[in-house]
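Here is how the chains run, residue by residue.
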Amino acid sequence: MPPPLPSSAPPTTETDAQLIEASLSRPERFGALFDRYHQAIHRYVRFRLGESAADDLAAETFLRAFHGRTRYDLSHPDARAWLYGIASNLIAGHRRAEARRYRALARSAEVTDVVNHDEHVVQRVSAAVMRPSLAAGLAALSPGDRTVLLLVAGAQLSYEEIAEALGIPRGTVGSRLNRARRKLRSYVGIEELA
């Protein structure tokens, strides 16, 4: 009986830092880091800028990470925050377009006149109706506040990971997030915004 054909390579148990270090002498090893995080980075960029920018900016994130891997702090075994930081910096270059997009979304969905109170209540809780006010609120946020809020909501990073990704103190993350939530509450018209 012939030997079984090898399946795919066994999953790597190396830390991100070990992969980055190995890629310094064997660049192809960086591919494992790409495999681990590309989908999440792509999803985050798509959440921030839309589908049309996601492919390019996600790829650019890993290209910059690859070229900057010699400067990676190998004492950090997890490169997730580093990659989100690179992606956020790339997104920062698109902030004006992002704010214009949110303003356009806010203008695009006009709320129709309501006939009675019940219909008004249904419209108030409808995501389709909330979208324009949410988009307007996001557009009105400062770029720093918007980035922190969307890293929490879109990428589900912790305060520590956001602080590391953006190179700001953890306390600044908290204050930016609180300020963004407070401002969004006024635009969306709800008491609590998680």
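Scroll up to find the structure this text is about.
It should be emphasised that the depicted structure is a prediction, and the values quoted were computed from it without experimental measurement.

Colleague: Any chance you could break down the side chain of Arg69 for me, citing the residues and the numbers?
Modeller: Structurally, the position occupied by Arg69 is in the loop between helix H3 (51–67) and helix H4 (80–92). One buried charged residue, Arg69, forms no salt bridge at all, with the nearest opposite charge on Glu28 at 8.4 Å. At a separation of 2.9 Å, a polar atom in the side chain of Arg69 contacts the side chain of Ser23. Aside from chain neighbours lying at most four places away, what touches Arg69 is Ile20, Ser23, Leu24, Pro27, Phe30 and Trp82.

Colleague: Outline helix H9 (residues 159–166), listing residues and values.
Modeller: Within H9, burial applies to Glu161, Ile162, Ala163 and Ala165. Where H9 is buried, its residues touch H4, helix H8 (143–153) and helix H10 (170–188). Gly167 sits one or two positions beyond H9 and adopts a positive phi of about 70 degrees.

Colleague: Explain the packing of helix H1 (residues 16–23) against helix H2 (residues 30–49) residue by residue, including any values.
Modeller: It is the contact of H1 with H2, at a shortest axis distance of 8 Å, that shows an interaxial angle of 145 degrees. Between H1 and H2, the residues in contact are Asp16, Leu19, Ile20 and Ser23 and Phe30, Ala32, Leu33, Arg36 and Tyr37, respectively. Residue composition of the contact of H1 with H2, grouped by class: six nonpolar, one polar and two charged.

Colleague: Please set out the pattern of salt bridges residue by residue, giving values where relevant.
Modeller: Tallied over the entire structure, the rule returns eight salt bridges. A salt bridge links Glu14 to Arg29; the shortest N-O distance between them is 1.9 Å. Of this pair, Glu14 sits in the segment before H1 while Arg29 sits in the loop between H1 and H2, and the two are 15 residues apart along the sequence. Given a relative accessible area of 26%, Glu14 falls into the partly exposed group. Among the residues examined, Arg29 registers a relative accessible area of 18% and is labelled buried. The partner of Arg64 in a salt bridge is Glu60, with the nearest N and O atoms 2.9 Å apart. Linking Arg64 with Glu60, this pair stays in helix H3, spanning four residues, or about one helical turn. Arg64 gets classed as partly exposed once you look at its relative accessible area, which sits at 46%. Looking at Glu60, the relative accessible area reads 26%, which means it is partly exposed.

Colleague: If you had to explain the packing of aromatic side chains to someone new, which residues and values would you point to?
Modeller: Under the criterion given, the structure shown has four aromatic pairs. Relative to Tyr84, the ring of Tyr44 has its centre 5.3 Å away and its plane inclined at 80 degrees; by these criteria the two rings are edge-to-face. Pair noted here: Tyr44 is in helix H2 and Tyr84 is in helix H4, with a separation of 40 residues, a long-range link. The ring of Phe66 carries Arg69 above its face, with NZ or CZ at 3.9 Å from the centroid.

Colleague: Break down the environment of Leu74 for me, citing the residues and quoting the values.
Modeller: Its place among the elements puts Leu74 in the loop between H3 and H4. Residue classification places Leu74 among the partly exposed positions, given a relative accessible area of 37%. Between the C-alpha atom of Leu74 and that of Ala17, which follows or precedes it by 57 residues, the distance is 5.1 Å.

Colleague: Outline the packing of H9 against H10, listing residues and values.
Modeller: The geometry of H9 relative to H10 is characterised by a closest axis approach of 8 Å and an angle of 105 degrees between their N-to-C directions. Between H9 and H10, the interaxial angle falls into the category roughly perpendicular. On H10, the residues touching Tyr159, Glu160, Ile162 and Ala163 of H9 are Arg170, Val173, Gly174 and Leu177. Of the residues assigned to the contact of H9 with H10, the class counts are five nonpolar, one polar and two charged.

Colleague: Can you explain the nonpolar core? Please cite residues and give values.
Modeller: Leu33, Ile41, Val45, Trp82, Leu83 and Tyr84 are the most contacted members of the largest nonpolar core, which totals 42 residues. Where this core is concerned, the elements lending two or more residues are H1, H2, H3, H4, H8, H9 and H10. What Tyr84 contacts, discounting residues up to four positions off in sequence, is Ala40, Ile41, Tyr44, Leu151, Ala155, Leu157 and Ala165.

Conventions adopted
- Residues numbered from 1 in each chain as written.
- Predicted model: local features only at pLDDT ≥ 70, side-chain atom pairs only at ≥ 80, totals over all residues.
- Heavy atoms only, no water.
- Helix = DSSP H or I, 4+ residues; strand = E, 2+ residues; numbered from the N terminus.
- Buried < 20%, exposed > 50% of the residue type's maximum accessible area, 1.4 Å probe, protein only.
- Lys, Arg positive; Asp, Glu negative; His and termini not counted.
- Salt bridge = Lys/Arg side-chain N within 4 Å of Asp/Glu carboxyl O.
- Polar contact = N/O pair within 3.5 Å; in protein donor to acceptor, adjacent residues only side chain to side chain.
- Contact = heavy atoms within 4.5 Å.
- Axes fitted to C-alpha atoms, helices over the stretch in contact; angles between N-to-C directions.
- Nonpolar A, V, L, I, M, F, W, Y, C, P; charged D, E, K, R; others polar.
- Phe/Tyr/Trp six-rings, centres within 6.5 Å; stacked < 30°, edge-to-face > 60°.
- Lys NZ or Arg CZ within 6 Å of the ring centre and 35° of its normal.
- Parallel < 35°, antiparallel > 145°, perpendicular 65-115°, else oblique.
- Core = buried A, V, L, I, M, F, W, Y, C linked by side-chain atoms within 4.5 Å.

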